Amino acid sequence: MPTSSGLFSRNFKKTFPIAARGEGCWIVDQSGRKYLDAAGQAAVVSIGYGVAEIGCAMAEQSAQIAFAHTSQFHTAPAEKLAARLLALAPKNFHNGGRVYFTSGGSEATETAIKLVRQYCLETSQPNRYRIVSRRQSYHGSTLGAMTVSGNVARRAPYAPLIPEWGHIAPCLCYHCPFEKTFPQCEIACAEDLETLLQQHDHETAAAFIFEPVVGATLGAAVPPEGYVARIAEICHRHNILLIADEVMTGMGRTGKPFAVQHWGIEPDIILVGKGVASGYAPLGAVLVSAPVVEAFARGSGTFMHGFTYQAHPVCTAAGNAVLDYLESHKLFERAGEAGRNLREALAPLQEHRHVGDIRGLGLLHGLEFVKDKPEREPFPKSDNIAEKIRQAAVAEGVLTYPTQGCVDGQRGDHILLAPPFIISKEECSLIAGALETALAKVFPV
Ligand SMILES: Cc1ncc(COP(=O)(O)O)c(C=O)c1O
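Residues numbered from 1 in each chain as written. Predicted model: local features only at pLDDT ≥ 70, side-chain atom pairs only at ≥ 80, totals over all residues. Heavy atoms only, no water.

Student: How would you sum up the overall build of the protein? Please name residues and give values.
Tutor: Regarding its fold elements, the protein presents 13 helices and 15 strands. The C-alpha radius of gyration of the protein comes to 21 Å, within 12% of the 22 Å expected for a compact globule of 445 residues. Projected onto its principal axes, the C-alpha coordinates of the protein cover approximately 65 × 55 × 45 Å. Relative to its 445 residues, the protein shows a buried fraction of 57%. Across the protein, the fraction of contacts at a sequence separation of at least 24, relative to all contacts at a separation of at least 6, is 72%. A total accessible area of about 19,500 Å² is found for the protein, and carbon and sulfur atoms account for 53% of it. (Helix = DSSP H or I, 4+ residues; strand = E, 2+ residues; numbered from the N terminus. Rg over C-alpha atoms; globule rule 2.2 N^0.38 Å. Buried < 20%, exposed > 50% of the residue type's maximum accessible area, 1.4 Å probe, protein only. Contact = heavy atoms within 4.5 Å. Areas by Shrake-Rupley, 256 points an atom, 1.4 Å probe, with all protein chains shown as cover.)

Here it is, written out as structure tokens:
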């Protein structure tokens, strides 16, 4: 174990290089080694590293006023960013929607859980409190966010601390939980929400939370046509709120400001994080649609919740500067185009005997590795394939985001690719080349 670190690190058995600087899609460590960041670290970095104007905007805000407590003041950067995010969101967020800024994605989920509960009280539905979610999902690491998450490995150690509010089937056609095929399946995985609500006390259900494209847990699983609309319809009919967790998919990652806009639905609440400040500041947000806001405004008028650092002026200034950059460099549009370049570069890898599936949308892609391709059979967990691929890719100077468990929470190896939106065609080829070499090393003939 390295003893020189004072940090309570994620893995005591590992030595972490010291990241010294970044430029574009590249990170340079203290020893001068360069890494092409094919994962935006964890689908965070959208505009790239080293954009000086973001830091300038933060310094300027800090010199004006670095902090003001939200119990006493609002600030101009927070007001400005809220208005801009609402304008990007679906129509039901315009004219009366509001934004609750947090310091990251987990706090956004936590806030949404409490907001939904209080909404139920404001609207005289005191029996409703359960937030239904999906197996094989991730909504954050705090205990409330863990409760609604369905990521088996991340939940397991904390099982005694987290209640079960109801999880439905995941939506992953490559390993359909019903062993069906689209479209003959008639989207049985969406129907599972109807079944759960009918069988389990639907009067206590308050909301359904989902990732429009499932990121880390399933490796960029995109739902088939009709899934998202069906989920929205079921929520609407049962009078429960729909929360789109866009912490990973939001702010342009999939080629539209919010992934739900690919399917034209209007969730009641949208969560963002990661890309909202592209890693330049810890920032997340809960976008609340106008009808939900209205319930609070007409009711008690107060939300019994708060964080000292919510709507932080310097962090929201970073959010504004990042959004300026996204807009002025047309990066919302570019994510779609760069995603097609990446997909094209990765396409030959599909021929590899252990690459089962390449999936994704925009600049959020996953590669799943299988032991037996025709049977789609995963490797045993102990083979640690995703991590081995990551290590072999790092040896080639390319960073990826590996995860296990996409099949059943234990087995199933994939890596996630989510580079900055500025990724060039040449860099896409470098990523594909590094993965080809990594595959050859991990699976020698
Ligand atoms: C979909 C989703 N929701 C929530 C979170 C939690 O965000 P954070 O790590 O910023 O707390 C994540 C993080 O990976 C995520 O991918």
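Student: Give a description of the pairing of strand 7 (residues 205-210) that names residues and reports values.
Tutor: With 6 of its 6 residues buried, strand 7 lies for the most part within the structure. Two elements, strand 5 (residues 130-134) and strand 7, share 3 bridges in a ladder whose sense is parallel. For isoleucine 131, the partnering residue across the bridge sits in strand 7 and is alanine 207. Where strand 7 and strand 8 (residues 241-245) come together, 4 bridges link them in parallel fashion. Within the sheet, the bridge partner assigned to phenylalanine 210 lies in strand 8 and is alanine 244. With helix 8 (residues 227-237) bridging strand 7 and its parallel neighbour strand 8, the resulting β-α-β unit is right-handed. (Pairing = 2+ DSSP bridges. Right-handed = clockwise from strand over helix to strand, strands pointing away.)

Student: Residue-level account of the nonpolar core, with values.
Tutor: If you look at the biggest cluster of nonpolar residues, it comprises 104 residues, and the most contacted ones within it are Leu85, Phe101, Phe208, Leu287, Ile389 and Leu435. Leave out the neighbours within four places in its chain, and leucine 287 touches Leu85, Ala89, Phe93, Arg98, Val99, Phe258, Asp268, Ile269, Ile270 and Val272. Core analysis: the second largest hydrophobic core is formed by 26 residues, Ile131, Ala207, Val286 and Ala295 among them. (Core = buried A, V, L, I, M, F, W, Y, C linked by side-chain atoms within 4.5 Å.)

Student: Please set out helix 9 (residues 290-298) residue by residue, giving values where relevant.
Tutor: Among all positions in helix 9, only Ala290, Val292, Val293, Ala295 and Phe296 are buried. On its buried face, helix 9 sits against strand 4 (98-102), helix 4 (105-122), strand 8 and strand 10 (284-288).

Student: Run through the sheet that holds strand 13 (residues 398-399), naming residues and quoting values.
Tutor: Read across the sheet, 4 strands follow the order 1-2-3-13 without closing on themselves; strand pairing throughout is mixed. Bordering the open sheet on either side are strand 1 (19-23) and strand 13, each of which pairs with just one other strand. Where strand 3 (residues 34-37) lies against strand 13, 2 bridges are found, and the strand directions are parallel. If you follow aspartate 37 over to strand 13, its bridge partner there is leucine 399.

Student: Got a sec to walk through the packing of aromatic side chains? Specific residues and values, please.
Tutor: Evaluated as defined, the whole model comprises 6 aromatic pairs. When the ring of phenylalanine 296 is compared with that of phenylalanine 303, the centres are 5.8 Å apart and the planes differ by 75 degrees; the resulting orientation is edge-to-face. Pair check on accessibility: phenylalanine 296 and phenylalanine 303 agree, each one buried. When the ring of phenylalanine 379 is compared with that of phenylalanine 443, the centres are 5.5 Å apart and the planes differ by 15 degrees; the resulting orientation is stacked. A residue pair is termed long-range when its members are at least 10 positions apart, and phenylalanine 379 in the loop between strand 12 (364-369) and helix 12 (385-395) and phenylalanine 443 in the segment after helix 13 (425-442) qualify at 64 residues. Comparing phenylalanine 379 with phenylalanine 443 shows no difference in burial state: the two are buried. Feature note: the residues Tyr100, Phe296 and Phe303 constitute an aromatic cluster, connected by ring pairs. We note lysine 34 situated over the ring of tryptophan 26; from NZ or CZ to the ring centre the distance is 4.8 Å. The residue whose ring lies beneath arginine 154 is tyrosine 138, and the NZ or CZ to ring-centre distance is 4.3 Å. (Phe/Tyr/Trp six-rings, centres within 6.5 Å; stacked < 30°, edge-to-face > 60°. Lys NZ or Arg CZ within 6 Å of the ring centre and 35° of its normal.)

Student: Got a sec to walk through the pattern of salt bridges? Specific residues and values, please.
Tutor: In a structure, side chains of opposite charge can pair up when their charged atoms sit close to one another. Overall, the coordinates contain 14 salt bridges when judged by the stated rule. The salt bridge partner of glutamate 191 is arginine 230, with a shortest N-O separation of 2.7 Å. Residue glutamate 191 is located in helix 7 (residues 188-199), and its partner arginine 230 is located in helix 8; the two are separated by 39 residues in the primary sequence. With a relative accessible area of 29%, glutamate 191 lands in the partly exposed category. Salt-bridge contacts for glutamate 294 lead to arginine 298; the nearest nitrogen and oxygen are separated by 3.1 Å. Separated by 4 residues within a single helix, glutamate 294 and arginine 298 lie in helix 9, roughly one turn from each other. (Salt bridge = Lys/Arg side-chain N within 4 Å of Asp/Glu carboxyl O.)

Student: Give a description of the environment of tyrosine 138 that names residues and reports values.
Tutor: With respect to the helices and strands, tyrosine 138 occurs in the loop between strand 5 and helix 5 (143-148). Sequence separation between tyrosine 138 and glutamate 211 is 73 residues; the distance between their C-alpha atoms is 8.0 Å. Discounting chain neighbours no more than four positions away, the residues touching tyrosine 138 are Met146, Ser149, Arg154, Glu211, Thr217 and Asp245. A distance of 3.3 Å separates the side chain of tyrosine 138 from the backbone nitrogen of serine 141, its partner in a polar contact. (Polar contact = N/O pair within 3.5 Å; in protein donor to acceptor, adjacent residues only side chain to side chain.)

Don't take any of this as a statement about function, it's just geometry.
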